[in-house]
Amino acid sequence: MEGIESKKVAVLCGGWSDEREVSISSGTASAQALREAGFVQVDLLDIADKDFVHTIADGGYDVAFVALHGRYGEDGCVQGFLELLGIPYTCSSVLASALATDKAMAKDIYREHGIPTPKEVCLLRGDEYDVVDLVGCVGLPCFVKPVSSGSSYGITRVKEASELADAIEEAFKFDTRILVEAAVVGTEITVPVLGNERAQALEAIEVRYETEFYDLSVKYEDPSKHHVIPPRAARGRRRARQGACLQGPPGAGLLGCLA
């Protein structure tokens, strides 16, 4: 690429979320990859550093590479900050980041656009609930998860009704809103989407694991242990999944690289 050696890049990582350490690992790897690609001026910045605001505002950066995970990094907060500074950044817009991070809002948008999503009940901290009613609504097994947390923090796969109250209590440690959601049993497939106005669905990836679900204990292991390309699903079904991943709402600003 021409001119990339003159571009000054700020790789943003760290922060205050439960996923801080994961973000630092991602940021370090991203900075190294950018240098190997030919970018010369690459700085790794922890947004939790007390001097971060002055560093990013006065550093003369051409672009910010967002390697943040979780709250403040994936939910539109840092994206809005960069918009105010006039610094271009990777991946999705403020609105798209906020909507995609909020699982409850995202599921409402999926349904509005005809994209299937499992049944769920959203609870706010302090809400009264009846275990029998919840099981009657979403069935068993089900998942209990924080609305806006990532990396599987606070998620429990519930197999028996007697486990539900403890799972709800655990999820509320990570957020003020949680989902009790029907489990989907079958082959798990993820489809990366790359691009901006003309997004492209890349090859589907089958996710395999021996744990009860794709939890934190396996999510950051060597991907070759758990990611299989192509999936076992028939080619036609894989194509259908790729097409479904491009059905997002127009104008939402889902840009860059998603999975």
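See above for the structure.
Residues numbered from 1 in each chain as written. Predicted model: local features only at pLDDT ≥ 70, side-chain atom pairs only at ≥ 80, totals over all residues. Heavy atoms only, no water.

Engineer: Explain the sheet that holds strand E1 (residues 8-13) to me, using residue names and the numbers behind them.
Structural biologist: Read across the open sheet, the three strands follow the order E2-E1-E3; overall the sheet is parallel. Edge positions in the sheet fall to strand E2 (41-46) and strand E3 (63-66), since each has one partner strand and no second. Direction aside, the axes of adjacent strands within the sheet are offset by 25° on average. The sheet contact formed by E1 and E2 spans six bridges and is parallel. Each residue of the ladder has a partner; that of Lys8, found in E2, is Gln41. Those strands touched by helix H1 (residues 20-36) are E1, E2 and E3, and its axis lies near 160° from that of E1. (Pairing = 2+ DSSP bridges. Helix = DSSP H or I, 4+ residues; strand = E, 2+ residues; numbered from the N terminus. Axes fitted to C-alpha atoms, helices over the stretch in contact; angles between N-to-C directions. Contact = heavy atoms within 4.5 Å.)

Engineer: Before we move on, could you go through helix H7 (residues 164-171) and cite the residues and values that matter?
Structural biologist: Taken together, the buried positions of H7 are occupied by Leu164, Ala167, Ile168 and Ala171. Viewed along the axis of H7, the buried residues span an arc of 100°, placing them on a single side of the element. Opposite the packed face of H7, turned more than 90 degrees from it, sit the exposed residues Asp166 and Glu169. Tucked into the core, H7 has its buried residues touching strand E4 (120-124), helix H6 (131-138), strand E5 (142-146), strand E6 (156-158) and strand E7 (177-182). (Buried < 20%, exposed > 50% of the residue type's maximum accessible area, 1.4 Å probe, protein only. Arc of directions from axis to C-beta.)

Engineer: Summarise the environment of Glu221; cite the residues concerned and give the values.
Structural biologist: Examined against the element boundaries, Glu221 turns out to sit in the loop between helix H8 (216-219) and strand E12 (227-228). Separated by 2.7 Å, the side chains of Glu221 and His226 make a polar contact. (Polar contact = N/O pair within 3.5 Å; in protein donor to acceptor, adjacent residues only side chain to side chain.)

Engineer: Can you break down the packing of helix H4 (residues 94-101) against helix H5 (residues 103-112) residue by residue, with the values?
Structural biologist: Running from N to C, H4 and H5 cross one another at 100°; their axes reach a closest spacing of 5 Å. Considered as vectors, H4 and H5 are oriented roughly perpendicular to each other. Touching Leu99, Ala100 and Thr101 of H4 are Lys103, Met105, Ala106 and Ile109, all from H5. By residue class, the composition of the contact of H4 with H5 is five nonpolar, one polar and one charged. (Parallel < 35°, antiparallel > 145°, perpendicular 65-115°, else oblique. Nonpolar A, V, L, I, M, F, W, Y, C, P; charged D, E, K, R; others polar.)

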